[in-house]
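# Secondary and tertiary structure notes
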Amino acid sequence: MYLGRHRRRKTVLTIAGSDSSGGAGIQADLKTMLANGVYGMSAITALTAQNTTGVSGIFPVTPEFLAMQIDSVFSDIRPDAVKIGMVSSGELIRVIAERLSYYKAENIVVDPVMISTSGSRLLDEDAVGALKELLLPMAAVATPNIPEAEVLSGICIRSSEDMVRAAEIISREYGCAVLCKGGHRLNDANDLLYRDGGFCWFMGRRIDNPNTHGTGCTLSSAIASGLARGYSLEQAVERAKEYLSGALEAMLDLGSGSGPMDHGFQIP
Ligand SMILES: Nc1ncnc2c1ncn2[C@@H]1O[C@H](COP(=O)(O)OP(=O)(O)O)[C@@H](O)[C@H]1O
Ligand SMILES: Cc1ncc(COP(=O)(O)O)c(N)n1
């Protein structure tokens, strides 16, 4: 019999798409989880063929196969938190919502991925409705960027006040906390957290780096890692922004488009 010391680690499941270039999606999520001290697992919603210049193809899994992946994970290694990223169809969203509510999953972070940094649309119209109706109400926090917050709130965002208004609309309508990220058009590195009728700003340092492929995936996975480790939502957001800034500041430069960040910047 083995009598050595057994170790435990907090666990996080990412339900998202694969990015063949390794900078966003599942690949970014797992690297982020490793760097943030949790054990990462994945249920893949779709394969994408993409690189730093764009997405050339999307090949979704069947709803049955997505359910099998989620069942395999939950029936053996129960995740302490779940991050949901790109889900390209309403049908797949319905499977995720059904399975996660069956397992009473906790600490769900929803990154409502709609359009890639390179400008490609990553989900269909039906998926937007299903995301609002089924995933947002399960979320501990949703992390839209400005264009996504506009779609979810139905208002146009041109100022910091608009960010607060949009986050309030989404939070009240769907009953979840909302982290509205700057970084697009406004407030580059400053994000707004709206929860329980109140809000606070997280002021990040703006890093002059054109390589921002996967920033949203990385932030939401780092938040999920923090929640799994028992940090409060505010602490998890603070730590996630610190990690993201470090990964951007490492100034990795790969590919001819908007390249990936250095997820392993703390590793010598
Ligand atoms: N140039 C930058 N310097 C520092 N932080 C940034 C920069 N651009 C974006 N961020 C931060 O990166 C995170 C992800 O934001 P964003 O790029 O909007 O995500 P998405 O990939 O979903 O569009 C946010 O916390 C945002 O504030
Ligand atoms: C598979 C997949 N998921 C998500 C994104 C969004 O990436 P970003 O974090 O840059 O918005 C992506 N490009 N590919």
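What this report covers is the structure whose coordinates are included nearby. (Residues numbered from 1 in each chain as written. Chains lettered and ligands numbered in written order. Predicted model: local features only at pLDDT ≥ 70, side-chain atom pairs only at ≥ 80, totals over all residues. Heavy atoms only, no water.)

Here the focus is helix α6 (residues 160–174). Relative to the 21 Å expected for 15 residues at 1.5 Å per residue, α6 spans 21 Å between its end C-alpha atoms, a close match to the ideal helical length. Along α6, the residues that are buried comprise Asp162, Met163, Val164, Ala166, Ala167, Ile170, Ser171 and Tyr174. For α6, the secondary structure elements touched by its buried residues are α4 (125–135), α5 (146–153), β7 (177–180), β8 (190–195) and β9 (198–203). One or two residues past the end of α6 sits Gly175, with phi positive at roughly 70°. (Helix = DSSP H or I, 4+ residues; strand = E, 2+ residues; numbered from the N terminus. Expected span 1.5 Å × (residues − 1). Buried < 20%, exposed > 50% of the residue type's maximum accessible area, 1.4 Å probe, protein only. Contact = heavy atoms within 4.5 Å.)

Once that is clear, we can look at the nonpolar core. Ile15, Val82, Ile84, Ile96, Leu100 and Leu136 are the most contacted members of the largest nonpolar core, which totals 48 residues. Sorting elements by how many residues they give to this core places α6 first, with six residues. The residues touching Leu100, leaving out its near neighbours within four places in the chain, are Ile15, Phe74, Val82, Ile84, Ala105, Ile108 and Met138. Counting 21 residues, the second largest nonpolar core, distinct from the first, contains Val38, Val109, Leu219 and Tyr243. (Core = buried A, V, L, I, M, F, W, Y, C linked by side-chain atoms within 4.5 Å.)

With that out of the way, let us pick up the environment of Glu249. Assignment of secondary structure puts Glu249 in helix α8 (residues 233–249). A relative accessible area of 38% places Glu249 in the partly exposed class. Linking Glu249 and Asp208, residues 41 residues apart in sequence, is a C-alpha distance of 8.4 Å. What Glu249 contacts, discounting residues up to four positions off in sequence, is Arg205 and Ile207. Of the polar contacts made by the side chain of Glu249, one reaches the side chain of Arg205; its length is 2.7 Å. (Polar contact = N/O pair within 3.5 Å; in protein donor to acceptor, adjacent residues only side chain to side chain.)

Inspection of the entire model under this criterion finds three aromatic pairs. Plain terms: the ring middles of Tyr102 and Tyr103 are 4.9 Å apart, the flat faces sit at 80° to each other, and that makes the pair edge-to-face. Residue class for Tyr102 comes out exposed when judged on its relative accessible area of 53%. Classification of Tyr103 as buried rests on a relative accessible area of 16%. When the centroid spacing of 5.5 Å and the interplanar angle of 40° are considered together, the rings of Tyr243 and Phe265 count as tilted. (Phe/Tyr/Trp six-rings, centres within 6.5 Å; stacked < 30°, edge-to-face > 60°.)

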